[in-house]
Amino acid sequence: MTIAATFEIEYLQYLDQNGEPTQTMPTGFDASGLVPWFKQMLFLRTFDNKAVALQRTGKLGTYAPCLGHEATQVGIGAAMRPEDVFAPSYREFGTQFARGVQPREVLMYWGGDERGSDFAGPRHDFPWSVPISTQCLHAAGAALAFKLRKQPRVAVTCCGDGGSSKTDTYAAINSAGAYTLPFVQCIINNGWAISVPRKAQTGAQTLAQKGIAGGLYSLQVDGNDLIAVLEGMRRAMERARSGEGASVIEFLTYRLHDHTTADDARRYRGEDEVKSAWQRDPIPRLRSYLGAQNLWSDAQEKDWIADCGERVDQEINAYLESKPQPIESMFDYLYAELPPDLLTQRAEAIAGESRS
Amino acid sequence: MNKQTAAPATSGEPVAASAITLIEAITQALAWEMHNDDSVVVLGEDVGVNGGVFRATAGLQQRFGPERVLDTPLDETTIAGLTVGMAAMGMKPVAEAQFDGFMYPMVDHIVCHAVRFRTRTRGRLTCPMVLRVPWGGGIRAPEHHSEANEAIFTNVPGLRVVMPSSPARAYGLLLAAIRDPDPVIYFEPKRIYRQYKELVPDDGEALPLDVCYVLRDGSDVTLVTWGAQVKESLEAAEVLAKDGISAEVIDVATLKPYDFDTIAESVAKTGRCVIVHEAPRTAGFGAEIAARLAEESIYDLLAPIQRVTGYDTHIPLFRLEMKYLPSVDKIVAAAKRTLAAS
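Residues numbered from 1 in each chain as written. Chains lettered and ligands numbered in written order. Predicted model: local features only at pLDDT ≥ 70, side-chain atom pairs only at ≥ 80, totals over all residues.

### Structural notes on the sheet that holds strand β12 (residues 254-256) of chain B
Residue and element names in this part refer to chain B. Strand order in this open sheet of seven strands is β3-β2-β4-β5-β7-β6-β12, and the pairing throughout is mixed. Edge positions in the open sheet fall to β3 (69-71) and β12, since each of these has one partner strand only. Taking the axes of each pair of neighbouring strands and ignoring which way they run, one obtains an average angle of 20 degrees across the sheet. Alignment of strand β6 (residues 160-162) against β12, held across two bridges, turns out to be antiparallel. (Pairing = 2+ DSSP bridges. Helix = DSSP H or I, 4+ residues; strand = E, 2+ residues; numbered from the N terminus. Axes fitted to C-alpha atoms, helices over the stretch in contact; angles between N-to-C directions.)

### Considering the interface of chain B and chain A
It is common to give the size of an interface as the accessible area that goes away when the parts come together. If you look at the interface, chain B gives 34 residues, while chain A gives 33 residues. Breaking the side of chain B that touches chain A down by element, the ones donating at least two residues are α3 (76-88), α4 (107-114) and α5 (117-120) of chain B. Element by element, the count of residues in the side of chain B that touches chain A is highest for α3(B), at nine residues. Considered class by class, the residues forming the side of chain B that touches chain A number 14 nonpolar, 11 polar and nine charged. (Contact = placed C-beta atoms within 7 Å. Nonpolar A, V, L, I, M, F, W, Y, C, P; charged D, E, K, R; others polar.)

### A look at the packing of helix α1 (residues 35-56) of chain A against helix α10 (residues 282-292) of chain A
Residues and elements named next belong to chain A. Closest axis-to-axis distance for the α1/α10 pair is 11 Å, and the angle between their directions is 150 degrees. Classed by the angle they form, the pair α1 and α10 counts as roughly antiparallel. Two packed elements cross with a definite hand, and for α1 against α10 that hand is left-handed. In contact with V35, F38, M41, L42 and R45 of α1, α10 contributes P282, I283, L286 and L290. Tallied by class, residues from the contact of α1 with α10 come to eight nonpolar, no polar and one charged. (Parallel < 35°, antiparallel > 145°, perpendicular 65-115°, else oblique. Left-handed = near helix turned anticlockwise from the far one by under 90°.)

### Let's talk about the nonpolar core
Ranked by internal contacts, the top residues of the largest apolar core, which has 201 residues, are A139(A), A140(A), A155(A), L223(B) and A335(B). Each residue touching A155(A), except ones within four places of it in the same chain, is listed here: V85(A), A87(A), A139(A), A140(A), A142(A), A143(A), F146(A), P182(A) and F183(A). (Core = buried A, V, L, I, M, F, W, Y, C linked by C-beta atoms within 7 Å. Buried ≥ 20, exposed ≤ 12 C-beta atoms within 10 Å, placed from the backbone.)

### What about the pairing of strand β7 (residues 217-222) of chain A?
Residue and element names in this part refer to chain A. Counted residue by residue, β7 has six buried out of six residues, so it is predominantly covered. Side chains Y217, L219 and V221 of β7 all project onto a buried face; the interleaved residues S218, Q220 and D222 project onto the opposite face, where all are buried too. Across three bridges, strand β1 (residues 10-12) lies against β7 in parallel orientation. By the bridge assignment, L12 is partnered in β7 with V221. In this structure, β7 lies alongside strand β8 (residues 247-252), joined through six bridges in parallel fashion. Bridging across to β8, V221 finds its partner in F251. Handedness of the crossover is the feature at issue here: the chain leaves β7, passes through helix α8 (residues 226-241), returns alongside β8, and the resulting connection is right-handed. (Right-handed = clockwise from strand over helix to strand, strands pointing away.)

### Notes on the packing of helix α1 (residues 22-36) of chain B against helix α7 (residues 167-179) of chain B
All names here are of chain B. It is at 8 Å that the axes of α1 and α7 come closest, and there the two elements cross at 30 degrees. Classified by the angle their axes make, α1 and α7 are roughly parallel. Two packed elements cross with a definite hand, and for α1 against α7 that hand is right-handed. Together, L22, A25, I26, Q28, A29, W32 and E33 of α1 and P167, A170, Y171, L174, L175 and I178 of α7 make up the contact between the two elements.

### Digging into the confidence of the model for chain B
Residue and element names in this part refer to chain B. Mean pLDDT over chain B stands at 95; residues scoring 70 or higher make up 96%. Low confidence marks residues 1-7, where pLDDT is under 50. Its contacts with residues over four positions away, or in another chain, come to nine contacts. For this predicted complex, the interface score ipTM comes out at 0.97, while the overall pTM is 0.96. (pLDDT = per-residue confidence, 0-100.)

### Side note on helix α11 (residues 298-321) of chain A
Residue and element names in this part refer to chain A. For α11, spanning 24 residues, the distance from its first C-alpha to its last is 34 Å, which sits close to the expected 34 Å at 1.5 Å a residue. Those residues of α11 that fall on the buried side of the exposure criterion are V312, E315, I316 and Y319. Elements in contact with the buried residues of α11: α1 and α4 (103-110). (Expected span 1.5 Å × (residues − 1).)

### Examining the pairing of strand β11 (residues 247-251) of chain B
Residues and elements named next belong to chain B. Buried residues dominate β11, accounting for five of its five residues. Neither face of β11 is exposed, since A247, V249 and D251 on one face and E248 and I250 on the opposite face are all buried. Pairing of strand β9 (residues 213-216) with β11, which is carried by three bridges, proceeds in the antiparallel orientation. Looking at the pairing, Y213 lines up with D251 of β11. Two elements, strand β10 (residues 221-225) and β11, share five bridges in a ladder whose sense is parallel. Paired with T225 across the strands is D251, a residue of β11.

If you want it as structure tokens, here you go:
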């Protein structure tokens, strides 16, 4: 027998679900460097809980909770530089906060106002992309632009386990390999694509191996272990920046909440599975590890959670106090310069407002 | 040596007009803009070494290098998605869809993203891209190579849909499309790619978008058309003239957003209108023009509006395709019906 090709997928984990190290920490590792990111994870959970509550009281539109994804989302953001570009789907608020997107912007967009995607922080990051995985190719296009312009920037994008079935993810992986792009495809495998479980998406053993077909560096990471997320991303970002090319990282995590606030996961998945997933919650494991290193205490956490609550409330108030845009705003960003016919329609819209 | 594979003569400096075909005008416009704007890149299937299956990009990779003229993997979704991403980062990609019938996988990226980035981000990100699409029937091609699908796109907000009908307009409108800060679908009527030559100065002068071009003045009937049917409509006007009927011929040129005023002014003068397009009739772009005339110009009309279009069928394979497409005879007959009615 002649073997034409073989592959293996490395699995990366440094902390088990109790926060105990499973292997030697990565080279250059500094545990104290984890604290700011742990704090961001706590902030993200505070925000997420309050955003869901806001939707339940009718003050926010449909919202995609990120409960359980904190280590993956924050870790991806932590690995990026400001000049890099992030192309999210519709759930990666933790990555976006790490990049300077404001919580009030998240609330604004998901509260029905386009101004939420006019990020004050990362001006060149892509907006939320609702059509599954389309953002993956936009990130690959951005990476192609960086390569052609010889800019030392990396484009990072996320899709879910369901999204990894989509043409666009395969196309992004394929073109990133064909052009050797500074590109990182994160596949956030949270177990569920609305009601369809991971095993029903594909016969592939791992989602990471989808990168192998495109010639990419491919890795599977415990997405509930911040240290593993940071190390996986560090490798991918270094490869991208040094011209070695693109990577696919599958982050194994779990969607602890419903798909969105419009979904009820009790219709399709059992309590036992969810209970067992809570045992792998990324927050207690890191808290436990940092506590053991004397880098984090209950008192610190109490104060920080209180701070997070106040900050999120301020953001919520800023969102709730904002006034809707004027009716003409639906015309004003359609073209660089509004064509004459649309000027007429715009005037009609304004006139209609003053009559009502 | 096939002279079409030679690098185009464009130096970036204005040169005197030479007689060129519509497709040579496209190559000339691409070369001009690539020479003068580093952010312009060309990408698509076979556009590089091969110079495009129709040779629209012939010589461009030799002249500007593989980093400005990129062969893509064979996937239309890839072309569209990469183009949107590059444009959002400030480049001006000019992508080629090899044939009209292959562009459907691109629709997701055009409709969901390219035309929405400016709106979605309140102007923070934009999408200054051009998608060039060889368009329409009449070249005896296989199935999926002959589609007149422009009306799918004229209902899409934020998009520009442009279709030249002569070498000079192909040159000027393509330059305008590339320079436009919003996404443009640039449909190229492939049947007239090499139909005739005309003098086109290589001077980098763009023609205005969003306006109709009145190609022939007339007083009895207005023929409104675009793309490959412009030539038939002009020929029909000649035939009508021999019968003492004076036809005005309007090339709509930009279908989205379109210049209704020029059409309305013409109809106010002639009182009669024939709309000619090769796409199927129902909900074709002619329906929009007819509806608007009914709304705003009905008291100017002396006769019912006539449409000369493809049937509401698939364009047949090529043994029958010329029987599907509008012809000079059909246009003349429709014009005469408007005169008989008033």
